[in-house]
Amino acid sequence: MSSLLNLLIASMALTYVSTTESCLRIMDLCFVVDSSASICSGDPNYTKGDTTCVYWKAILNCMQNIVQNLTISQVATRIAVVKYASKGAREWNLTRGVDKATVLGNINGLVYSAGYTNISGGLDTMMNLVFNATYGDDPNSPNVAVIFTGSNATDPTTVQPSIDRVHGAGVTTYTVGLKSDPYSAQQLASDPKLNNQQVFLVDSFLDQYLNQIYAALMYQLCSDTC
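None of these values were measured; they are calculated from a predicted model.

A. Quick look at helix α5 (residues 119-129). Summarising burial for α5: 8 of the 11 residues are buried, a large majority. Turning to α5, its buried residues number three or more, namely I119, S120, G121, G122, L123, T125, M126 and M127.

B. Looking closely at the packing of aromatic side chains. Throughout the structure, instances matching the rule amount to 2 aromatic pairs. Residues Y46 and Y112 carry aromatic rings whose centres are separated by 5.6 Å and whose planes lie at 85 degrees to one another, so their mutual orientation is edge-to-face. In this pair, Y46 sits in the loop between α2 (37-40) and α3 (54-68) while Y112 sits in the loop between α4 (100-108) and α5, placing the two residues 66 residues apart along the sequence. Here Y46 and Y112 have matching classes, each one buried. Consider the rings of W56 and Y112, whose centres lie 5.7 Å apart with planes at 55 degrees: the pair is tilted.

C. Quick look at the pairing of strand β3 (residues 88-92). Two elements, strand β2 (residues 77-84) and β3, share 4 bridges in a ladder whose sense is antiparallel. Paired with K83 across the two strands is A89, which belongs to β3. What sits between β2 and β3 in their antiparallel hairpin is a turn of 3 residues.

D. Broad picture of the sheet that holds strand β1 (residues 27-34). One open sheet holds the 6 strands; their spatial order is β3-β2-β1-β4-β5-β6, and the pairing between them is mixed. On the outer flanks of this sheet lie β3 and β6 (199-202), each paired with one strand and no other. Strand-to-strand twist of the sheet, defined as the mean angle between neighbouring strand axes without regard to direction, takes the value 20 degrees. Helix-sheet contacts for helix α8 (residues 207-222) involve β1, β4 (143-148), β5 (172-178) and β6, and the interaxial angle to β6 is about 170 degrees.

E. Region of interest: the pairing of β5. Burial analysis of β5 places 6 of its 7 residues in the buried class, which makes it a mostly covered element. The pairing of β4 with β5 spans 5 bridges and is parallel. Within β5, the residue paired with V144 across the bridge is T172. Crossover handedness for the path β4 to helix α6 (residues 159-168) to β5: right-handed. Relative to β6, β5 runs parallel, the two being bridged by 4 bridges. Opposite T175, over in β6, you have V199 as the bridge partner. In this fold, the crossover linking β5 to β6 by way of helix α7 (residues 183-188) has right-handed handedness.

F. Main features of the environment of N118. Mapped onto the secondary structure, N118 falls in the loop between α4 and α5. Here N118 falls in the partly exposed class, since its relative accessible area comes to 22%. Taking the C-alpha atoms as reference points, N118 and S35, 83 residues apart in sequence, are found 9.6 Å from one another. Contacts of N118, omitting those with residues within four sequence positions, involve Y84, A85, S86 and K87. A polar contact is formed between the side chain of N118 and the backbone nitrogen of G121, at a distance of 2.8 Å.

G. Main features of the packing of α5 against α6. Closest axis-to-axis distance for the α5/α6 pair is 9 Å, and the angle between their directions is 25 degrees. On the basis of the axis angle, α5 is roughly parallel to α6. As α5 runs across α6, the sense of the crossing is left-handed. The segment α5 lies against α6, with I119, S120, L123, D124, M126, M127 and N128 engaging V159, S162, I163, R165 and V166. Its residues assigned to classes, the contact of α5 with α6 comprises 7 nonpolar, 3 polar and 2 charged.

H. Geometry of the nonpolar core. F31, M63 and L70 are the most contacted members of the largest nonpolar core, which totals 46 residues. Broken down by element, this core gets its largest block of residues, 9 residues, from α3. Other than its neighbours up to four places away in sequence, L70 contacts S22, C23, M27, L29, T77, I79, K100, M218 and C222. Listed in part, the 20 residues of the second largest apolar core include F131, A153, V159 and V166.

I. Expanded view of the pattern of salt bridges. This model, assessed by the stated rule, comprises 4 salt bridges. A salt bridge links R78 to D28; the nearest nitrogen and oxygen atoms lie 2.9 Å apart. Of this pair, R78 sits in strand β2 while D28 sits in strand β1, placing them 50 residues apart in sequence. When sorted by exposure, R78 lands in the same class as D28, which is buried. R165 is paired through a salt bridge with D124; the nearest N and O atoms lie 4.0 Å apart. Placement of R165 in helix α6 and of D124 in helix α5 is noted, with a sequence separation of 41 residues between them. The exposure class assigned to R165 is partly exposed, which follows from its relative accessible area of 37%.

Scoring rules and cut-offs
Residues numbered from 1 in each chain as written. Predicted model: local features only at pLDDT ≥ 70, side-chain atom pairs only at ≥ 80, totals over all residues. Heavy atoms only, no water. Buried < 20%, exposed > 50% of the residue type's maximum accessible area, 1.4 Å probe, protein only. Helix = DSSP H or I, 4+ residues; strand = E, 2+ residues; numbered from the N terminus. Phe/Tyr/Trp six-rings, centres within 6.5 Å; stacked < 30°, edge-to-face > 60°. Pairing = 2+ DSSP bridges. Axes fitted to C-alpha atoms, helices over the stretch in contact; angles between N-to-C directions. Contact = heavy atoms within 4.5 Å. Right-handed = clockwise from strand over helix to strand, strands pointing away. Polar contact = N/O pair within 3.5 Å; in protein donor to acceptor, adjacent residues only side chain to side chain. Parallel < 35°, antiparallel > 145°, perpendicular 65-115°, else oblique. Left-handed = near helix turned anticlockwise from the far one by under 90°. Nonpolar A, V, L, I, M, F, W, Y, C, P; charged D, E, K, R; others polar. Core = buried A, V, L, I, M, F, W, Y, C linked by side-chain atoms within 4.5 Å. Salt bridge = Lys/Arg side-chain N within 4 Å of Asp/Glu carboxyl O.

Nothing here speaks to function; it is geometry throughout.
Written out as structure tokens, the structure is:
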């Protein structure tokens, strides 16, 4: 039954993406992106100290594809970005994520960090510096996060309290993770944590695999209002 449901969702998603140029949904969307050593360590061409790698570029491409298919404006979808490695870092808040061309350019310029995998640092940064009225969060807009996670946290005991805070505040979370290490993607996703609905698992962070889940992810992001 679950396989049939997944096929139906995928079919609907492909129809949506192929027929809709831009999704008009009112939401505040934050990308929370794993920038730790777990992302680039498998790239044979990566050298310690490099600010990018093939996997990092593919994650940025996926983020840009999502943004490209959203209506970005002050009164529709606003975009913020948080990276996490040894600590969380806000790249920009929601008030700066209201122009599509600017957002796409800023995503393209995101630099890979390396370091430990501090998932709770990323989640706490999102709650403290993005989904916070002091920094421009709109209480009338749904808060949504797309979380890219390449591995379990270096200190896994810190993750559950942070993600409980996120979900307790009403933030909807979708996760993109690896089939070979799915635990953190499942832990961080909103209930009911179903594959290809809240949890999106890929063989590798490469364009050809991220492209396979893109349509279903877009469908979930936009299906409430589009």
